[in-house]
Amino acid sequence: MEVSNPGLLIAIPLIALAYVTLNRWNRSPGPLPPIPAGKLPILGHLLQMPQSHEWLKYLEWSDQTGSDILCYQVLNSHVIVLNSFKAVSELFEGRTSIYSNRPTLLALRHILGFHWVLGLMPYGKQFLEVRKASNHYLHNASIKKYRPIQTVAIHSMLRGLHREPEKFVEHARHMAGRIILNVTYGIEPNPTYIRTVYHSVLGLGLGLSPRALLHDMFPFLLKLPEWFPLFRFKADAKKFSPYVAALPDLPLDETRKAMAEGTARPSMAASMLADGGLPDSIIRSVTGSLYLAGTETTVATITNFFLAMLKYPDVQHKARSEIDSVVGPNRLPDFRDEPNLPYLSALIKELYRWRVVTPLGTPHSLIVDDVYRGYHFPKDSIVISNLHAIMHDPVAFPEPNVFRPERYLEDAGKPTSTRSSDGVFGYGGRVCPGRYLTKSNTWLAVASILATFDIEKATDEDGCVIEPDDVGATSGVVSFPLPFKCKITPRSEAAAALIAGTADEEVVIPLP
Ligand code: HEM
């Protein structure tokens, strides 16, 4: 074809380019949320990805950008961080059907072996089945039948604290493990079970780390051999994967064996197995997921309680006076006392808020493209709720680092209906199904410890008081206080006698 006007040779491609660009621009769903400074071509924020305590870095980025929603990019993946209650509740609750998925998390599933875990399951048929069964056994009305188990486990923790007070974290771990193993499988803990869950939770932390997320961007990393020198993820994962593999089967096999021998105690597993309505794979997922999620979170909470009482003796005294006036000196607190102890309930709310044990919850993933406040959220973005940021918002919780139960009380000492720390359990379709059980465990554990023990600062070999000023927190999916010492002694001989009197309860605990 002959072109009579050579100018057209230049004009036509330019017009075409302008058309395509304009068309794209018109269809552009909007800009991405503010992005922290320092993005590199192609790599994005790969080199700036926080290696630990990400929740603090995300708050710093919010300060830099002046925005409570952020988006950082790693290669072609988007990570959206929600740093406020408004954003998390509007999206996770308001648009729950598109925000309740989980990211692919290839390393977690395929290298560490967590494919059976409810908390990591993609939204879909299997997730809905496992979630439904979990809710059935853990909703607010169901958990009342676990009270005898909770009471026996917590009283046994009191005896442990009396015997070996310096091992307070281990006693909390034994208590939490005992409750969850009894409720879920009708079995008692042994060192293997406790070790298995402890190492699996550490493996979960590795599997959710930025290094693990690289597998989702470069799936070929899954194929690297364990000995590969520059990227030793598989070698590190191997320390945990045997525990992850054993976790859902070990206790379930014990329940099966007890059922075959006719000695099984009532439990979720026994009832699901006897009912026969659910396939084995679902029963394994439900029970294993609760066992995995239910122990270390409670241990971290009780450890934070000891730290809070060390740092805030006035709170300790106030809560104890309330317990003394309601419960009196001749018995231990029990669940019936709860409505009469508003200061204690406020203390527990503050305990969850003060040091959030799951500071970033579990990552969600977006099922379709979305637009929020004019910003484009691309499909498949990883969406992170910064629960630490929400619970430390200085407007909702003035002086957020101070432990102050009065935040939840009106002047007359009655609970406020407007402020709560329940957000630590997440929002929307993936909210924690174990929240009622763990809240009641924590309530009775804290009430019983305060009723019987004084918690004070420890002294060193020279008799000098050890100040618990700046006890840091571990990073990872469950955040613990770093190790600290405290002195735990029975308040009185009468309290010691009450503790000793609980030994008679050491009998098998049938669920009613
Ligand atoms: C202090 C105690 C606890 C805290 C702070 C906590 C917090 C959380 C959070 C933040 C999530 C993720 C929510 C989200 O994805 O948005 C979660 C999920 C979950 N929690 Fe808890 N939790 C605690 C105790 C427990 C207990 C005792 C159990 C079991 C009995 C449990 C079982 C689960 C399960 C199975 C999930 C996954 C739910 C899903 O993905 O659908 N948690 N929890």
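Before any of the text, the structure's been laid out above.
Only a predicted model underlies this, so the values are computations on that prediction, with no experimental measurement involved.

Of the regular secondary structure elements, the chain holds 21 helices and eight strands. Computed over C-alpha atoms, the radius of gyration of the chain comes to 26 Å, within 12% of the 24 Å expected from 2.2 N^0.38 for 512 residues, which places it in the range of a compact globule. When the backbone C-alpha atoms are referred to their principal axes, the chain occupies close to 110 × 55 × 45 Å. Put simply, the chain has 512 residues, and 51% of those count as buried. Of the contacts made within the chain by residues no fewer than 6 positions apart, 74% connect residues no fewer than 24 positions apart. A total accessible area of about 23500 Å² is found for the chain, and carbon and sulfur atoms account for 59% of it.

Moving on: the coordination of the iron atom of the ligand. There is one protein donor for the iron atom of the ligand, namely Cys432 (SG), at 2.3 Å. Note that cysteine 432 resides in the loop between helix 19 (387-391) and helix 20 (435-452).

Most of strand 1 (residues 69-74) sits out of view: six of its six residues are buried. Burial along strand 1 is two-sided: the residues Ile69, Cys71 and Gln73 and Leu70, Tyr72 and Val74 are all buried. Pairing between strand 1 and strand 2 (residues 77-82): six bridges, direction antiparallel. Bridge assignment links tyrosine 72 to a residue of strand 2, and that residue is valine 79.

With that settled, consider the packing of helix 9 (residues 191-207) against helix 13 (residues 250-261). Each pair of packed helices can be summarised by the angle the axes make with each other and by the distance between the axes. At their nearest, the axes of helix 9 and helix 13 sit 10 Å apart, and the two run at 145 degrees to each other. Along its contact with helix 9, which presents Thr192, Tyr193 and Thr196, the element helix 13 presents Leu250, Pro251 and Glu254.

Tallied over the full model, the rule gives 19 aromatic pairs. Ring geometry for tyrosine 352 and phenylalanine 425: centres 5.2 Å apart, planes at 65 degrees, overall edge-to-face. Of the two residues, tyrosine 352 sits in helix 18 (residues 342-354) while phenylalanine 425 sits in the loop between helix 19 and helix 20, which places them 73 residues apart along the sequence. There is no split in this pair, since tyrosine 352 and phenylalanine 425 are both buried. Here a set of aromatic residues connected by ring pairs shows up, and it is made of Phe168, Phe305, Phe306 and Phe484. Just above the ring of tryptophan 354 sits the side chain of arginine 355; from NZ or CZ to the centre is 5.3 Å.

Basis of the calculations
- Residues numbered from 1 in each chain as written.
- Predicted model: local features only at pLDDT ≥ 70, side-chain atom pairs only at ≥ 80, totals over all residues.
- Heavy atoms only, no water.
- Helix = DSSP H or I, 4+ residues; strand = E, 2+ residues; numbered from the N terminus.
- Rg over C-alpha atoms; globule rule 2.2 N^0.38 Å.
- Buried < 20%, exposed > 50% of the residue type's maximum accessible area, 1.4 Å probe, protein only.
- Contact = heavy atoms within 4.5 Å.
- Areas by Shrake-Rupley, 256 points an atom, 1.4 Å probe, with all protein chains shown as cover.
- Donors = N, O, S within 2.8 Å, 3.2 Å for Na, K, Ca; no water.
- Pairing = 2+ DSSP bridges.
- Axes fitted to C-alpha atoms, helices over the stretch in contact; angles between N-to-C directions.
- Phe/Tyr/Trp six-rings, centres within 6.5 Å; stacked < 30°, edge-to-face > 60°.
- Lys NZ or Arg CZ within 6 Å of the ring centre and 35° of its normal.

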